[in-house]
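# Understanding the architecture of this molecule
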Amino acid sequence: MPNRWNELGSKRIAISKEAQSLDDWKRLWFEPQHRYPFEYGDCWNFVTEYRVKDFEAEVGFFTDGLCLNSYVLAEDYAMFTDEGRTFFMSFVPAGNDLPTSGFNLQFMVKDIMAIVEELTNRGIEPVQGIHNPYPGGPMRKAIFETPNGIPIHLWGMVDES
């Protein structure tokens, strides 16, 4: 059953089939209805997270094999980045209840309340609304999904003073 995202995606793909030159692209391309909604927070900007069977081996590989910088490292979570902090990636142990094929996208945003409201106004409903994953701390999280079910985690700090 076609939906709004499917229809927009079909139109974009049709442009890629029809455009034979840069002038064609400029003539056929249409701007998205909205602007890019995320203003990045202070900790990190974007991270892709996946699950692994051998967590320790993955930590060793990215630390000592590829020599990436450990940005966050705990017994059940690792986030790595390059020297310029141009990308971030993370992984968690798969455990018994998480498939190793799963991954999610994560954004650290400045104003999570405003972003969740904006996405909801666009018709993108959260699968899990704003909540505090670490009671007592300033971090808040909300989860959305792509049309194909890939989780998009939004993280943001909330000043409760």
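Residues numbered from 1 in each chain as written. Predicted model: local features only at pLDDT ≥ 70, side-chain atom pairs only at ≥ 80, totals over all residues. Heavy atoms only, no water.

## Focus on the side chain of arginine 122
Relative to the helices and strands, arginine 122 is located in the loop between helix H4 (112–121) and strand E6 (128–131). Residues within four places of arginine 122 in sequence aside, it is in contact with Arg4, Trp5, His34, Arg35 and Pro37. (Helix = DSSP H or I, 4+ residues; strand = E, 2+ residues; numbered from the N terminus. Contact = heavy atoms within 4.5 Å.)

## Examining the sheet that holds E6
One key point about sheets: their strands pair by backbone hydrogen bonds, in either a parallel or an antiparallel sense. Sheet architecture is open: 8 strands sit in the order E2-E3-E4-E1-E5-E8-E7-E6, paired in mixed fashion. If you trace the sheet from one side to the other, it starts and ends with strand E2 (69–74) and E6, each paired once. Taken pair by pair, the neighbouring strands of this sheet meet at an average axis angle of 20°, ignoring direction. Examined bridge by bridge, strand E3 (residues 77–81) and strand E4 (residues 88–93) share 4 bridges and lie antiparallel to one another. The residue bridging alanine 78 from the neighbouring strand is phenylalanine 91, located in E4. Along the sheet, helix H3 (residues 55–65) contacts strand E1 (46–52), E2, E3 and E4; its crossing angle with E4, the most-contacted strand, is approximately 160°. (Pairing = 2+ DSSP bridges. Axes fitted to C-alpha atoms, helices over the stretch in contact; angles between N-to-C directions.)

## Here's the deal with H4
Among all positions of H4, only Ile112, Ile115, Val116 and Leu119 are buried. Looking straight down H4, one finds its buried side chains confined to an arc of 95°; they lie on one side. Across H4 from its buried face, at more than 90 degrees, point the exposed residues Glu117 and Asn121. At its buried positions, H4 is contacted by E6, strand E7 (139–145) and strand E8 (151–157). The positive-phi residue at the C-terminal boundary of H4 is glycine 123, with phi of around 90°. (Buried < 20%, exposed > 50% of the residue type's maximum accessible area, 1.4 Å probe, protein only. Arc of directions from axis to C-beta.)

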